[in-house]
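# Secondary and tertiary structure notes
As a plain string of letters, each chain reads:
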2 protein chains.
Amino acid sequence: MNDSETLKLHSYWRSSAAYRVRIALNLKGLAYETVPVHLVQDGGRQHTPEYRALNPQGLVPTLVHGARVYRQSLAIIEYLDETWPTPPLLPARARDRARVRALAQTVACDIHPLNNLRVLQFLEREWSVPQAERELWIRHWVSEGLAAIETLLQDHPSTGSFCDGEAPGLADCCLVPQVFNAQRFGVDLAPYPTVARVNAACLALPEFDAARPENQPDAPASQ
Amino acid sequence: MNDSETLKLHSYWRSSAAYRVRIALNLKGLAYETVPVHLVQDGGRQHTPEYRALNPQGLVPTLVHGARVYRQSLAIIEYLDETWPTPPLLPARARDRARVRALAQTVACDIHPLNNLRVLQFLEREWSVPQAERELWIRHWVSEGLAAIETLLQDHPSTGSFCDGEAPGLADCCLVPQVFNAQRFGVDLAPYPTVARVNAACLALPEFDAARPENQPDAPASQ
C-alpha cells in the first residue's frame, strides 16, 4: 500500500465492535494505525464534532482507508474481505456464508447493541437503573444470545476448531469480543462449552492475541 | 424451482425484520409461502419447541429453502442476493457495498435491536417501565439512528432515488420497515427529509407494497 492507502482505525481498547475489526485486520496481515477515541474521558470523545464528521452516530470503530471512510464493524470486515481476499473470512458457498453471517449477526444485532456504552448510559441517566440491575440486564442478553450460538455451533457439521471449519473467520471475529464482554460482566461460560472451546482456539492465535483490549496502545497501564 | 426448493418464510406481519426479507424476496421475484408465527398469542408462538428448533433465538424471520434453514434477516437477504443475483441488492464495488451494508446495519444493529418486542417485554416485565417511558425509549433510539442515516444519505453522491442510486437494494430493505416502526410510535419524519423521500420512492413500488405489514396473510382484519 502506498501512503494514500494507509489504514487508520478509530478505536477504543475496550470496544468490542472495534475489537472485531482489529482481529480481521490482523487475520488479513494488514498494517494499520490506531487512532484512539476515548469513550469516557471529557464526556466521551466520540461526541466531538470532529469525530461525528467521520461517524455521525458517534460510535466506534471507523476505518479510514486512504480518502474514504468506512463505518459499522461487520460492513468494514466484509470490505476488508472483498478488498484483500486472502485469507478469506467467509466460506465460498452461499449457504455456508449465510450461516457464518447469521452467527456474526447474532452477536452484532442481538447481543452487543443492548449492552453497549450508550445504552447503559441511557439506563443510568434517564431511568436511574442501579448498577446491579444494569449488570443483570447485560447478563440476560448475553446469556440468551450465547445459548443460541451454542446450539447453532453444537448442532452443525460445519463447526470445527472455529465457528466454520479449521480457519478463523467473520463469526470468530465477533464471538471472541463478545466472550470478552461476557467475562467482564461475570457470565459463566460453563453452559456454552463449544463457545468456550472456539474462543480458546482463537485466542491461541497471534492475530487474536494482538487484538485483545489489553494489548492496545490506548489501554490503561493498570486495568 | 422444484418442490424441494420451496421457499418458506416464517414471518409475523408486523415484524420489521421479517418485513425486510419480504421486500427482498419480492425484489428478486421469488414466490414464497408465508408461515405465520404469532409473536403475542399464547405467550408468543416463537417460543414453542417446534419454532425454537428452527430458530434457537425464538426470533422471526426464519427462511427455509428446501431442506436448509436460514436465520438473521441481513444474512438471509445476502443469501438471496448470492443465490439469485438478478436484480442485485448490493452494488458491484467493494467500497459501495460497504456503504450500503453500513446503512443497513445502522438499522439492524443500532436501532431495531433496542426496540423489538423481547426488549420492550423485558422493560415492562422486569422493571415495570410504564408504556409512556417505553415509547420514549423507542423514539430516542429511532431518532438518533434516523438522524445518522439522514446525514449519511444527504452527504453522499451515491444517494439517488434510493439509498444507492436508482434501484432499490439492501439498505432500502431495512430502511422502509424501520420507517414503518418509527411512524407506528409517532416519530416525526420532518427532520429526515431524505429518509422520507427514499421511503416514499420505495413504497411506490409493487414489491415494497406487497411486503407491507397490512398486506400479509396474518395481518388482522382491523388494526
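Criteria and thresholds
Residues numbered from 1 in each chain as written. Chains lettered and ligands numbered in written order. Predicted model: local features only at pLDDT ≥ 70, side-chain atom pairs only at ≥ 80, totals over all residues. Heavy atoms only, no water. UniProt positions renumbered as here; feature names shortened; annotations may be inferred. Helix = DSSP H or I, 4+ residues; strand = E, 2+ residues; numbered from the N terminus. Contact = heavy atoms within 4.5 Å. Polar contact = N/O pair within 3.5 Å; in protein donor to acceptor, adjacent residues only side chain to side chain. Expected span 1.5 Å × (residues − 1). Buried < 20%, exposed > 50% of the residue type's maximum accessible area, 1.4 Å probe, protein only. Core = buried A, V, L, I, M, F, W, Y, C linked by side-chain atoms within 4.5 Å. Pairing = 2+ DSSP bridges. Axes fitted to C-alpha atoms, helices over the stretch in contact; angles between N-to-C directions. Least-squares fit on C-alpha atoms with pLDDT ≥ 70 in both. Domains from an automatic or database assignment. Buried area = accessible area lost by both parts, 1.4 Å probe. Salt bridge = Lys/Arg side-chain N within 4 Å of Asp/Glu carboxyl O. Nonpolar A, V, L, I, M, F, W, Y, C, P; charged D, E, K, R; others polar.

As a further point, take the UniProt feature "domain: GST C-terminal" (unreviewed entry) in chain A. The residues that UniProt annotates with the feature "domain: GST C-terminal" (unreviewed entry) are residues 93–221 of chain A. Here residues 93–221 of chain A is 68% helix and 0% strand, with 44 Å between the C-alpha atoms at its ends.

The next subject is the environment of Tyr51 of chain B. All names here are of chain B. Checked against the element boundaries, Tyr51 lands in helix 2 (residues 49–54). Residues Tyr51 and His10 lie 41 residues apart in sequence; the distance between their C-alpha atoms is 9.1 Å. Among residues more than four places away in sequence, those in contact with Tyr51 are His10, Val37, Arg45, Gln46, Gly58, Leu59, Val60, Pro61 and Thr62. Within the structure, the side chain of Tyr51 is placed 2.7 Å from the backbone oxygen of Leu59, a separation counted as a polar contact.

For the rest of this paragraph, the subject is helix 1 (residues 16–27) of chain A. All names here are of chain A. Between its first and last C-alpha atoms helix 1 spans 17 Å; for 12 residues at 1.5 Å apiece the expected length is 16 Å, and the two agree. With 12 of its 12 residues buried, helix 1 lies for the most part within the structure. The complete set of buried residues in helix 1 reads Ser16, Ala17, Ala18, Tyr19, Arg20, Val21, Arg22, Ile23, Ala24, Leu25, Asn26 and Leu27. Where helix 1 starts, the residue carrying a side-chain oxygen 3.3 Å from the main-chain nitrogen of Ala17 turns out to be Ser15. Phi turns positive, to about 70 degrees, at Gly29, one or two residues after helix 1.

Our next topic: helix 6 (residues 117–127) of chain B. Of the positions making up helix 6 of chain B, those classed as buried are Arg118, Val119, Leu120, Phe122, Leu123 and Trp127 of chain B. At its buried positions, helix 6 of chain B is contacted by helix 4 (94–110), helix 5 (112–115), helix 6 (117–127) and helix 7 (131–154) of chain A together with helix 5 (112–115) and helix 7 (131–154) of chain B. After helix 6 of chain B finishes, the residue Ser128 of chain B shows a positive phi value of roughly 50 degrees.

Moving on, we come to the nonpolar core. Residues Trp137 and Leu146 of chain A together with Trp137 of chain B are the most contacted members of the largest nonpolar core, which totals 124 residues. Setting aside its immediate chain neighbours within four residues, Leu146 of chain A contacts Ile111, Leu175, Gln178, Ala182, Leu189, Tyr192 and Val195 of chain A.

As a further point, take the sheet that holds strand 1 (residues 7–11) of chain B. Residue and element names in this part refer to chain B. Read from one edge of the open sheet, 4 strands run 2-1-3-4, paired in mixed fashion. The open sheet has two free edges, formed respectively by strand 2 (33–36) and strand 4 (68–71), since each of these has just one partner strand. Averaged over neighbouring strand pairs, the angle between their axes works out to 25 degrees when direction is ignored. With 4 bridges connecting them, strand 1 and strand 2 associate as parallel partners.

Residue and element names in this part refer to chain A. The two faces of strand 3 (residues 62–65) match: Thr62 and Val64 on one face and Leu63 and His65 on the other face are all buried. Direction of pairing for strand 1 (residues 7–11) relative to strand 3: antiparallel, over a ladder of 4 bridges. Its bridge partner lying in strand 3, Lys8 is registered against Val64. Hairpin remark: strand 3 followed by strand 4 (residues 68–71), antiparallel, with 2 residues in the connecting loop; positive phi at Gly66, about 60 degrees.

Overlaying chain A on chain B yields an RMSD of 0.0 Å, the required transformation being a rotation through 180 degrees with an accompanying axial translation of 0.0 Å. The transformation just described matches what one would write down for a two-fold rotation axis. The C-alpha atom lying nearest the rotation axis in chain A is that of Cys109 of chain A; the distance is 2.2 Å. Counting the interface residues of chain A, we find that 98% of their copies in chain B are interface residues as well, pointing to one common contact surface.

With respect to the helices and strands, the residue Arg134 of chain A is situated in helix 7. Relative accessible area serves as the criterion here: at 13%, Arg134 of chain A is assigned to the buried category.

Cross-referencing UniProt, the feature "domain: GST N-terminal" (unreviewed entry) maps to residues 5–88 of chain A in the present numbering. End-to-end, the C-alpha atoms of residues 5–88 of chain A are 21 Å apart, and along that stretch the chain is 35% helix and 20% strand.

With that out of the way, let us pick up the domain arrangement of chain A. All names here are of chain A. Parsing chain A into structural domains produces domain 1 (3–87) and domain 2 (94–209). On the domain 2 side, the residues contacting the 15 residues of domain 1 number 20 residues. Summed over both partners, the interface of domain 1 with domain 2 comes to about 1,700 Å²; 67% of that surface belongs to carbon and sulfur atoms. At the surface where domain 1 touches domain 2, the tally comes to 1 salt bridge. Along the contact surface separating domain 1 from domain 2 lie 5 residue pairs in polar contact (both at pLDDT 80 or more). Elements represented by at least two residues in the side of domain 1 that touches domain 2 include exactly helix 1 and helix 3 (73–83). The element contributing the most residues to the side of domain 1 that touches domain 2 is helix 1, with 8 residues.

In this section: the interface of chain A and chain B. Every contact between the two is made by 41 residues of chain A and, on the other side, 40 residues of chain B. A buried area of about 4,000 Å², summed over both sides, lies between chain A and chain B, and 62% of it is on carbon and sulfur atoms. When the area that chain A buries against chain B is broken down by residue, the three leading residues are Arg95, Arg118 and Trp127 of chain A, summing to 15%. The tally of links from chain A across to chain B stands at 10 salt bridges. Ionic pairing is found between Glu82 of chain A and Arg97 of chain B, a salt bridge with its closest N-O pair at 2.9 Å. At the level of elements, strand 4, helix 3, helix 4, helix 5, helix 6 and helix 7 of chain A are the ones that each hand at least two residues to the side of chain A that touches chain B. The leading source of residues in the side of chain A that touches chain B is helix 4 of chain A, at 11 residues. Residue classes in the side of chain A that touches chain B are distributed as 22 nonpolar, 7 polar and 12 charged.

For the rest of this paragraph, the subject is the sheet that holds strand 1 of chain A. All names here are of chain A. Read across the open sheet, the 4 strands follow the order 2-1-3-4; overall the sheet is mixed. Each edge of the open sheet is held by one strand with a lone partner, namely strand 2 (33–36) and strand 4. Adjacent strand axes in the sheet meet at a mean angle of 25 degrees when their direction is disregarded. Strands in contact with helix 3 are strand 3 and strand 4; relative to strand 4, the strand with the most contacts, it is inclined by about 125 degrees.

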